Amino acid sequence: MDKKVTSSLNEQINKEFFSAYLYLSFANWCEDQGLDGFANWYQVQAQEERDHAMMIVGYLQNNDEHVEYEAIKKPASSWDSALDVLKAGLAHEKYITASINNIYATALEAKDFRTTQFLDWFIKEQNEEETSAGMLIKKAEMIGKEGNGLYMLNQELASRVYTPPTVAE
Ligand code: OFO
């Protein structure tokens, strides 16, 4: 495989693990505020991020490429409100989308169509993740910071259940 493509996929593994770490940090903060439903939502999200990292690990290994794990940087750990957490989540997903798009462009330039095909799943996933993060912000803005509305949104987020990804490699 093209060296630029493999190194950017290796970097993406780190970004996906960092995403999991960031979402676990969101979950901790939410737990501290008594927002156990929000915490559940982000714990499930963290599991998905780990899956994303491992999908890339599997892809590189299936192509006989070396996988190198780098240190995962420390995520932020405090926010002013649940709305701020949701906004930080959306901003992070946009950053990840840009990163996936860059790898896609690098693979296209290298005529590495196997990798662009592999990344199609991630392009779709990022679209879904940005949509759901944006929707949660809209809901949180609709209900305001306190009271019954926040409690109800917390209940809604408590029902999210982890399901492993289904992907063809
Ligand atoms: Fe890996 O999808 Fe979010 O970041």
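Our subject in this report is the structure included herewith. (Residues numbered from 1 in each chain as written. Predicted model: local features only at pLDDT ≥ 70, side-chain atom pairs only at ≥ 80, totals over all residues. Heavy atoms only, no water.)

## A look at the overall build of the protein chain
- Counting its secondary structure elements, the protein chain contains five helices and zero strands.
- For the protein chain, the sequential pattern of α-helices and β-strands runs α-α-α-α-α.
- A compact globule built from 169 residues should have a C-alpha radius of gyration of about 15 Å, and the protein chain, at 17 Å, falls within 12% of that.
- The C-alpha extent of the protein chain, read off along each of the three principal axes, is 55 × 25 × 25 Å.
- When the 169 residues of the protein chain are sorted by exposure, 47% land in the buried category. (Helix = DSSP H or I, 4+ residues; strand = E, 2+ residues; numbered from the N terminus. Rg over C-alpha atoms; globule rule 2.2 N^0.38 Å. Buried < 20%, exposed > 50% of the residue type's maximum accessible area, 1.4 Å probe, protein only.)

## Remarks on empty space enclosed by the protein
- Scanning the entire structure with this criterion turns up one cavity of 30 Å³ or more.
- Taken as a whole, the largest cavity encloses approximately 80 Å³ of empty space.
- If you trace the largest cavity, you find it lined by Y23, W41, Y42, Q45, L86, G89, L90, E93, E129, S132, A133 and L136.
- Taken together, the elements giving at least two residues each to the lining of the largest cavity come down to helix 2 (36–62), helix 3 (82–109) and helix 4 (113–143).
- Here the residues of the lining of the largest cavity sort into seven nonpolar, three polar and two charged. (1 Å grid on protein atoms, 1.4 Å probe; cavity = no way out; pocket = protein on both sides within 12 Å on 5 of 7 lines; lining within 4 Å. Points joined across faces, edges and corners; volume = space filled by probe spheres on them. Nonpolar A, V, L, I, M, F, W, Y, C, P; charged D, E, K, R; others polar.)

## Let's talk about the side chain of N154
- Position of N154 among the secondary structure elements: in helix 5 (residues 147–158).
- Within polar-contact distance, the side chain of N154 engages the backbone nitrogen of F38 at 3.1 Å.
- Beyond its immediate sequence surroundings of up to four residues, N154 is in contact with G34, L35, D36, G37 and F38. (Polar contact = N/O pair within 3.5 Å; in protein donor to acceptor, adjacent residues only side chain to side chain. Contact = heavy atoms within 4.5 Å.)

## Overview of helix 1 (residues 3–32)
- Relative to the 44 Å expected for 30 residues at 1.5 Å per residue, helix 1 spans 44 Å between its end C-alpha atoms, a close match to the ideal helical length.
- Among the residues of helix 1, the N-terminal cap falls to D2, whose side-chain oxygen and the backbone nitrogen of K4 are separated by 3.0 Å.
- At the exit of helix 1 stands G34, carrying a positive phi of roughly 85°. (Expected span 1.5 Å × (residues − 1).)

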